[in-house]
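Read off the chains here:
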2 protein chains.
Amino acid sequence: LKAFVFDAYGTLFDVFSVTSLCEDLFPGHGKELANSWRKKQLEYSWLRSLMGRYRGFWGVTEDALVYSAKSLNLEITANERAQLMDCYLHLATFPDVKPGLEELEKIGMHLAILSNGEPEMLRAVVENADLSNFFTDTIFSVESVKEFKPSPRVYDQLSSGLKINKREIGFVSANNWDVNGASSAGFATFWIQRSGFETSEELGYPPTHVVNAITDLRRFRSPK
Amino acid sequence: LKAFVFDAYGTLFDVFSVTSLCEDLFPGHGKELANSWRKKQLEYSWLRSLMGRYRGFWGVTEDALVYSAKSLNLEITANERAQLMDCYLHLATFPDVKPGLEELEKIGMHLAILSNGEPEMLRAVVENADLSNFFTDTIFSVESVKEFKPSPRVYDQLSSGLKINKREIGFVSANNWDVNGASSAGFATFWIQRSGFETSEELGYPPTHVVNAITDLRRFRSPK
């Protein structure tokens, strides 16, 4: 392998960073709002892709927030909505992210991101998390194909984008369905199972490797 | 309108008919198993469509059951799995289904089904519920396009299949996302909101009409 390509939301960035503001704004409902928000965000990305009605991830994320608040009978003001959406530009990274990326960079691996997010959303969250140095000119978005993961068209842009052979690219995600999509598209895949008790999806294209953290990846570099 | 086309699972047939057997087999876990099973069944239908890896709905339904049991730490034998899958051939109908269909038939409406299910699955559940008379030669399946709802290709088969103009077909579903799919594909749509407290999805293609039961549909027939 010459390159590791990382999913962003849920893999580098903790989408549940939003929970504390959800709880501040809607005491007693923070967790269920955050859970529904994430669930619907993904659902809408799949449904819109399948309907052939692409909308950028920022809009899909906001739609999912609106639905979730409504379904939980929470009245949300325009200002609260803006505050919650802003969280998506300031998500926390998991503790293994920076040390893991540093190790991989040190041994000469190419590093990239492939995400549902729009380029501007991604640039902002990467910069705010102080990860820009790792991903100079290597942030790839579904925006170029206007279809969300796990469409093969999303993953297929990697080889030409990185100018690296598909067989030398490892795709890394904590989202098991995303891993199935990349495996199905022909990439070597690494499922990060941080909690250790998530269940693998039954989608037919399981990960090539299962690891617990980004810091476990360095042993997969090509033998020199 | 000359024809009403009904979604099957969740609209004519109660997918939560499975709950009592789930509870018999796994006391204390029936409801969460049934909920997860349905949720994953839909997720897998969307994900596989998007991956370009179609698998028939029977297989997708079984995959979703396997995942759900595993994720809830329930050990399920091959025999229990077969018993639960068999429920899908014997789902109960909602109380408004037979009276509603009878009324519509009486006023000369064409009636059809458009479903994710495979033709054999659909024929069996329709026959076991004693609804075959309403749907002679008018059971349409995604199997012909090998992509699940809400792909427009699924809905687009209706006009040629029924030999009725698209503008004269009303699509009826209790699944709001399915209604959005049919609206987006250009059909007049009817969302059946039986409980009265479900939240509309934020997908951009809301129902043309909202009703509480199939018995509410007869007033939408074309004026003579």
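Computed from a predicted structure; not experimentally measured.

Residues and elements named next belong to chain A. Looking only at helix α4 (residues 78-87), the buried set comprises Glu 80, Leu 84, Met 85 and Cys 87. Down the axis of α4, the smallest arc covering the buried residues is 140°, so these residues share one side. Opposite the buried face of α4, at more than 90 degrees from it, the exposed residues are Ala 78 and Asn 79.

Screw-axis analysis of chain B against chain A gives a translation of 0.0 Å along the axis, an RMSD of 0.0 Å, and a rotation angle of 180°. One copy is carried onto the other by what is essentially a two-fold rotation axis. Both copies share a contact surface, since 100% of the interface residues of chain B are interface residues in chain A too.

Another point: the confidence of the model for chain A. Put simply, chain A has an average pLDDT of 97, and 99% of its residues get 70 or more. The ipTM, which scores confidence in the relative placement of chains, is 0.97 for this predicted complex, and the corresponding pTM is 0.97.

Once that is clear, we can look at the state of the cysteines. Residue and element names in this part refer to chain A. Scanning all chains against the criterion turns up zero disulfides over all chains. Between Cys 22, a cysteine without a disulfide, and Cys 87, which holds the nearest cysteine sulfur, the sulfur-to-sulfur distance is 6.9 Å. Classification of Cys 22 by relative accessible area gives buried; the value is 0%.

To continue, consider the sheet that holds strand β5 (residues 188-192) of chain B. Residues and elements named next belong to chain B. Read across the sheet, six strands follow the order β3-β2-β1-β4-β5-β6 without closing on themselves; strand pairing throughout is parallel. The open sheet has two edge strands, β3 (139-141) and β6 (209-211), and neither has a second partner. Direction aside, neighbouring strands of the sheet carry axes that sit 25° apart on average. Looking at chain direction, β5 and β6 are connected through three bridges and run parallel. Looking at the pairing, Ile 192 lines up with Val 211 of β6. Of the strands in this sheet, β2 (110-115) and β3 touch helix α6 (residues 119-128), which is tilted by about 145° from β3. In this fold helix α8 (residues 176-184) packs onto β4 (169-173) and β5, with an angle of close to 175° to the strand it touches most, β5.

As a further point, take the pattern of salt bridges. Within this structure, the stated rule accounts for 28 salt bridges over all chains. Of the charged contacts, one joins A:Glu147 and A:Arg153 as a salt bridge, the two residues approaching to 3.3 Å between their closest N and O atoms. If you follow the salt bridges from partner to partner, you end up with A:Lys39, A:Lys40, A:Glu43 and B:Glu201 in one network.

As a further point, take the sheet that holds strand β5 (residues 188-192) of chain A. All names here are of chain A. Taken in spatial order, the six strands make up an open sheet running β3-β2-β1-β4-β5-β6, and their pairing is parallel. What marks the edges here is a single partner per strand, and that holds for β3 (139-141) and β6 (209-211). Adjacent strand axes in the sheet meet at a mean angle of 25°, parallel and antiparallel pairs treated alike. Across four bridges, the pairing between strand β4 (residues 169-173) and β5 is parallel. Residue pairing in the sheet places Val 172 in a bridge with Phe 190 of β5. Against the sheet, helix α6 (residues 119-128) contacts β2 (110-115) and β3, and its axis sits at roughly 145° relative to β3. Here helix α8 (residues 176-184) sits on the sheet in contact with β4 and β5, set at roughly 175° to β5.

On to unusual backbone geometry. Residue and element names in this part refer to chain A. Of note, the bond from Lys 149 into Pro 150 is cis; its omega dihedral lies within 30 degrees of zero at 5°. Summarising the element assignment, Pro 150 is placed in the loop between β3 and α7 (152-162). In the Ramachandran plot, Asp 130 falls in the positive-phi region, its phi being about 65° despite a non-glycine side chain. Its place among the elements puts Asp 130 in the loop between α6 and β3.

Before going further, it helps to examine the interface of chain B and chain A. Many structure descriptions define interface size as the accessible area lost when the parts assemble. The interface is formed by 32 residues belonging to chain B together with 32 residues belonging to chain A. For the chain B and chain A pair, buried surface summed over both sides reaches about 3,000 Å², with 65% attributable to carbon and sulfur atoms. Area buried by chain B at its contact with chain A is led by B:Leu50, B:Met51 and B:Glu202, which between them contribute 26% of it. Put simply, chain B and chain A have four salt bridges between them. B:Glu201 is the partner of A:Lys40 in a salt bridge, and the nearest nitrogen-oxygen pair spans 2.9 Å. For the interface between chain B and chain A, the tally reads 14 residue pairs in polar contact (both at pLDDT 80 or more). Elements with a minimum of two residues in the side of chain B that touches chain A: α2 (30-51), α3 (57-71) and α8 of chain B. Element by element, the count of residues in the side of chain B that touches chain A is highest for α2(B), at ten residues.

Next up on the list: the nonpolar core. If you look at the biggest cluster of nonpolar residues, it comprises 154 residues, and the most contacted ones within it are A:Phe4, A:Phe6, A:Phe135, A:Leu217, B:Phe4, B:Phe6 and B:Phe135. Among all residues touching A:Phe135, those that are not within four sequence positions of it are A:Phe6, A:Leu12, A:Leu101, A:Leu111, A:Ala112, A:Ile113 and A:Val126.

Within the structure shown, the criterion is met by 24 aromatic pairs over all chains. With a centroid separation of 5.0 Å and 35° between ring planes, the pair formed by A:Tyr54 and A:Phe148 is classed as tilted. Taken together, the residues A:Tyr54 in the loop between α2 (30-51) and α3 (57-71) and A:Phe148 in the loop between β3 and α7 connect sequence positions 94 residues apart. The same class applies to A:Tyr54 as to A:Phe148, namely buried. One aromatic cluster in this structure is built from A:Tyr9, A:Trp37, A:Tyr54, A:Phe57, A:Tyr88 and A:Phe148. Directly above the ring of A:Phe94 sits A:Arg194, whose terminal nitrogen or CZ lies 3.9 Å from the centroid. Over the face of the ring belonging to B:Phe187 we find B:Lys166, whose NZ or CZ atom lies 5.3 Å from the ring centre.

What counts as what
- Residues numbered from 1 in each chain as written.
- Chains lettered and ligands numbered in written order.
- Predicted model: local features only at pLDDT ≥ 70, side-chain atom pairs only at ≥ 80, totals over all residues.
- Heavy atoms only, no water.
- Buried < 20%, exposed > 50% of the residue type's maximum accessible area, 1.4 Å probe, protein only.
- Helix = DSSP H or I, 4+ residues; strand = E, 2+ residues; numbered from the N terminus.
- Arc of directions from axis to C-beta.
- Least-squares fit on C-alpha atoms with pLDDT ≥ 70 in both.
- Contact = heavy atoms within 4.5 Å.
- pLDDT = per-residue confidence, 0-100.
- Disulfide = S-S within 2.5 Å.
- Pairing = 2+ DSSP bridges.
- Axes fitted to C-alpha atoms, helices over the stretch in contact; angles between N-to-C directions.
- Salt bridge = Lys/Arg side-chain N within 4 Å of Asp/Glu carboxyl O.
- Buried area = accessible area lost by both parts, 1.4 Å probe.
- Polar contact = N/O pair within 3.5 Å; in protein donor to acceptor, adjacent residues only side chain to side chain.
- Core = buried A, V, L, I, M, F, W, Y, C linked by side-chain atoms within 4.5 Å.
- Phe/Tyr/Trp six-rings, centres within 6.5 Å; stacked < 30°, edge-to-face > 60°.
- Lys NZ or Arg CZ within 6 Å of the ring centre and 35° of its normal.

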